[in-house]
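A look at the structure
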Amino acid sequence: IVDHIGIGVALIDPDAKVLEMNRQMREWFPQVELGSATPCYRLFGLSEKDSFCEGCPTMRAMTTGELCEGHVGRFELGSDRRYFRIIASPIRDQDGTIKAAIELVEDVTEKMALENERRQTQKLEAIGQLAAGIAHEINTPIQYVGDNTSFLEEAFDDLKTLLESYAALTAAAKATGGLDTETAA
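Let us look at the structure shown here.

Conventions used here
Residues numbered from 1 in each chain as written. Predicted model: local features only at pLDDT ≥ 70, side-chain atom pairs only at ≥ 80, totals over all residues. Heavy atoms only, no water. Helix = DSSP H or I, 4+ residues; strand = E, 2+ residues; numbered from the N terminus. Buried < 20%, exposed > 50% of the residue type's maximum accessible area, 1.4 Å probe, protein only. Contact = heavy atoms within 4.5 Å. Polar contact = N/O pair within 3.5 Å; in protein donor to acceptor, adjacent residues only side chain to side chain. Expected span 1.5 Å × (residues − 1). Pairing = 2+ DSSP bridges. Patch = residues over 30% accessible without salt bridge, like charges linked within 9 Å, V, L, I, M, F, W, Y side chains within 5 Å. Areas by Shrake-Rupley, 256 points an atom, 1.4 Å probe, with all protein chains shown as cover. Salt bridge = Lys/Arg side-chain N within 4 Å of Asp/Glu carboxyl O.

What about the overall build of the protein?
Along the protein, the regular secondary structure elements total 5 helices and 5 strands. Going from the N terminus to the C terminus, the protein shows its helices and strands as β-β-α-α-α-β-β-β-α-α. For the protein, with 185 residues in total, the buried portion stands at 25%. Excluding contacts between residues fewer than 6 apart, the proportion of contacts in the protein whose partners are at least 24 apart in sequence is 37%.

Given below as structure tokens:
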């Protein structure tokens, strides 16, 4: 059953030696030799490491005696970069002494990519809303000025028409002698 579940399962001893792995773990990490004296942090492709991974849930589980969970950084598996979530639980003997830890390892690379994409989408949405708000704030005074300019233009056109009519009426009255030029001035 353990060999055919879709997550990795590994048994690690307190010295960080890999005692057992299921089929999924062997697929992800074919270079790991079971029972090797080399610690897990070197076997799992982190050869530059000289100590346990920071916040390693497996080592915390063996230290605290409690179930621990965490994400372990980036692993280079061939040409792929993969991220793993690890849940580790201590294994005790009949005297209660912790003898090992079992870790369940889930590949969360796709989940993390979707989460990053969702966060990016939310950022772009927020930027779009901000831009719309700024455009609205700029457009409102411009629209106010534009509306008032149109009103003034129409009012001046009406006044110009009225003055032209008045001038034409005055000229016609002078021409027919029906307007006293001293009174008109």
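A closer look at helix α3 (residues 57-64)
Inspection of α3 places Pro57, Thr58, Met59, Ala61 and Met62 among the buried residues, and these make up the whole buried set. In the stretch just after α3, glycine 65 is the one whose phi turns positive, near 80°.

Comments concerning the side chain of glutamate 106
Turning to its location among the elements, glutamate 106 is positioned in strand β5 (residues 98-107). A polar contact of 2.7 Å, which involves the side chain of glutamate 106, links it to the side chain of arginine 85. Within the structure, the side chain of glutamate 106 is placed 2.8 Å from the side chain of lysine 111, a separation counted as a polar contact. Those residues in contact with glutamate 106 that lie beyond four places of it in its chain are Ile7, Tyr83, Phe84, Arg85 and Lys111.

Comments concerning helix α4 (residues 109-176)
Under the 1.5 Å per step criterion, the end-to-end length of α4 is 98 Å for 68 residues, consistent within 8% with the ideal 100 Å. Positive backbone phi, approximately 75°, marks glycine 177, located one or two places after α4.

Let's talk about the pairing of β5
Taken together, the 5 bridges between strand β1 (residues 8-12) and β5 define a ladder with antiparallel strand orientation. Across the sheet, isoleucine 12 pairs through a bridge with alanine 101, a residue of β5. The pairing of strand β4 (residues 80-92) with β5 spans 9 bridges and is antiparallel. Paired with isoleucine 86 across the strands is valine 105, a residue of β5. Between β4 and β5, which pair antiparallel one after the other, the connecting turn spans 5 residues, and glycine 96 there sits at a positive phi close to 90°.

Details of unusual backbone geometry
As a rule of thumb, non-glycine residues mostly have phi less than zero, and peptide bonds are mostly trans rather than cis. Although it is not a glycine, alanine 16 adopts a positive phi angle of roughly 70°. Within the secondary structure, alanine 16 sits in the loop between β1 and β2 (18-21).

Side note on a nonpolar patch on the surface
Taken together, Phe151, Leu152, Phe156, Leu159 and Leu162 make up a surface patch of nonpolar side chains, about 560 Å² in accessible area. Note on placement: leucine 159 falls in helix α4.

Focus on the pairing of β1
Burial analysis of β1 places 4 of its 5 residues in the buried class, which makes it a mostly covered element. Note that β1 and β2 share 3 bridges and pair antiparallel. Within β2, the residue paired with alanine 10 across the bridge is methionine 21. Linking β1 back to β2 in an antiparallel pair, the connection comprises 5 residues, with alanine 16 at a positive phi of about 70°.

Remarks on the pattern of salt bridges
Tallied over the entire structure, the rule returns 9 salt bridges. Of the charged contacts in the structure, one is a salt bridge between glutamate 27 and arginine 23, with a shortest N-O distance of 2.7 Å. With glutamate 27 and arginine 23 both in helix α1 (residues 23-28) and 4 residues apart, this pair spans about one turn of that helix. The exposure class of arginine 23 is partly exposed, given its relative accessible area of 29%. Where lysine 111 meets glutamate 106, a salt bridge forms, and the shortest distance between an N and an O atom there is 2.8 Å. Each of Glu69, Arg85, Glu106 and Lys111 takes part in one network of salt bridges that share partners.

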